[in-house]
Amino acid sequence: MKPLAVYVVGVGARAGASAAEVSALVDEALADARIPAHEVAHLATVEAKGAEAGIRTVAADRGWRLVTWSANRLSQVLVPTPSALVGEVAGTASVAEAAALLDATGRQTGTLVVPKRTSPTVTVAIAQHSG
């Protein structure tokens, strides 16, 4: 039997990003990739953003677990579009893509299906994992 495909949504955000903005960008990315929300395993971000109300609200409203990673762990993940600016601010050159590529145990098992996309204060990426 073919393994179930599951997805991880990686999110980065500036301080104070609203749940509406996070939600809109997540919805856009899921729709563009034709990924049903029930196939999302969890939402992931850097530890420093794990307390952001906008991110927490989106995860809770959708019934998704919120998984956070240290900037050090995310900095070890190879991503297609690292950002020097994000590296200076967050301590890792990628939050959304790196977080999406890690499974719930911290292994880099994902394949990006939605590379990072941005809105004024939010970044989202989606990776597919075999579940």
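Use the structure listed above.
What counts and what doesn't
Throughout, a residue's number is its position along its own chain's written sequence, starting from 1. Whole-chain, interface and lining totals are the exception, using all residues; otherwise, since this is a predicted model, local features are given only for residues with pLDDT of at least 70 and side-chain atom pairs are given and counted only at 80 or more. To get the side-chain values, take all heavy atoms of the structure and skip hydrogens and water. Each helix is a run of DSSP H or I of at least 4 residues and each strand a run of E of at least 2, with the numbering of both proceeding from the N terminus. Whether two residues are in contact is decided by their heavy atoms, any of which lying within 4.5 Å being enough. Per-residue and other accessible areas were derived by the Shrake-Rupley procedure at a 1.4 Å probe size, with only the shown protein chains allowed to occlude residues. For the exposure calls, accessible area comes from a 1.4 Å probe over protein chains only, and a residue counts as buried if that area is under 20% of its type's maximum, exposed if over 50%, partly exposed in between. Detection works on a 1 Å grid of protein atoms alone, calling trapped sets that fit a 1.4 Å probe cavities and calling open sets with protein on both sides within 12 Å along at least five of seven lines pockets, with lining residues defined by an atom within 4 Å of a point. Grid points are joined across faces, edges and corners, and a volume is the space filled by probe spheres set on the points. Buried Ala, Val, Leu, Ile, Met, Phe, Trp, Tyr and Cys residues that are joined via side-chain atoms within 4.5 Å together make up what is termed a nonpolar core. Here the arc refers to the directions that run from the helix axis out to each C-beta atom. Fitted lines through C-alpha atoms give the axes, limited to the stretch in contact for helices. The angle between two N-to-C directions lies from 0 to 180 degrees. Note on angle classes: values under 35 degrees are labelled roughly parallel, values over 145 roughly antiparallel, values of 65 to 115 roughly perpendicular, and the remainder oblique. Helix crossings get a hand from a simple test, with the near helix turned counterclockwise from the far one by less than a right angle marking a left-handed crossing and a clockwise turn marking a right-handed one. Polar here means any residue outside two lists: the nonpolar Ala, Val, Leu, Ile, Met, Phe, Trp, Tyr, Cys and Pro, and the charged Asp, Glu, Lys and Arg; Gly therefore counts as polar.

A.B. asks: Looking at this structure, how should I read the overall build of the protein?
C.D. replies: When helices and strands are counted, the protein shows five helices and five strands. The order of α-helices and β-strands along the protein, N terminus first, is β-α-β-α-β-α-α-α-β-β. Partitioning the contacts of the protein with sequence separation of at least 6, the portion at a separation of at least 24 is 65%. When the accessible surface of the protein is summed, it comes to about 6,600 Å², and 54% of that surface belongs to carbon and sulfur atoms.

A.B. asks: Would you take a moment to explain the side chain of D103 for this structure?
C.D. replies: As for its placement among the helices and strands, D103 is situated in the loop between α5 (96–101) and β4 (111–118). A relative accessible area of 10% places D103 in the buried class. Not counting residues within four places of it along the chain, the set of residues in contact with D103 comprises H42, W69, T109 and H129.

A.B. asks: Got a minute to help me understand the layout of surface pockets in this structure?
C.D. replies: Remark: the empty space left among the atoms is shown by a probe the size of a water molecule rolled over them. Considering only enclosed or pocket space, the largest pocket measures out at about 560 Å³ in volume. Along its surface, the largest pocket is lined by 25 residues, and G12, A13, R14, V86 and T123 are the ones closest to its centre. Put simply, the parts of the chain that give the lining of the largest pocket at least two residues each are β1 (5–13), α4 (84–90), α5, β4 and β5 (122–130). It is α4 that provides the largest number of residues to the lining of the largest pocket, a total of four residues.

A.B. asks: Looking at this structure, I do not really get the nonpolar core. What am I missing?
C.D. replies: A general feature of soluble globular proteins is that nonpolar side chains tend to end up buried together. Within the largest apolar cluster, 21 residues are counted, with the highest numbers of intra-cluster contacts made by V9, V11, V26, L30, V122, V124 and I126. Sorting the residues of this core by element identifies β1, α1 (19–33), β2 (40–46), α2 (53–62) and β5 as the ones contributing at least two each. No other element matches the five residues that α1 contributes to this core. Once you skip the residues sitting within four places of it in the chain, V11 turns out to touch V22, V26, L43, A44, T45, I55, V95, A96, V122, T123 and V124.

A.B. asks: How should I be thinking about α2 in this particular structure?
C.D. replies: Two residues of an α-helix separated by three or four positions point the same way, owing to the 3.6 residues in each turn. Along α2, the residues that are buried comprise G54, I55, V58 and A59. Projected onto a plane normal to the axis of α2, the buried residues spread over an arc of 130 degrees and lie on a single side. Residues of α2 that are exposed and angled more than 90 degrees away from the buried face: A53, A60 and D61. G63 occupies a position one or two residues after α2 and carries a positive phi of about 75 degrees.

A.B. asks: Hey, could you run me through the packing of α1 against α2 in this one?
C.D. replies: Packed helices, taken two at a time, are described by their axes: the angle between them and the distance between them. It is the contact of α1 with α2, at a shortest axis distance of 8 Å, that shows an interaxial angle of 55 degrees. When the axis of α1 is compared with that of α2, the two are oblique. Crossing handedness for the pair α1 and α2: right-handed. Residues A19, V22, S23, V26, D27 and L30 of α1 touch α2, and the partners they reach there are G54, I55, T57, V58 and R62. Residue classes in the contact of α1 with α2 are distributed as six nonpolar, three polar and two charged.

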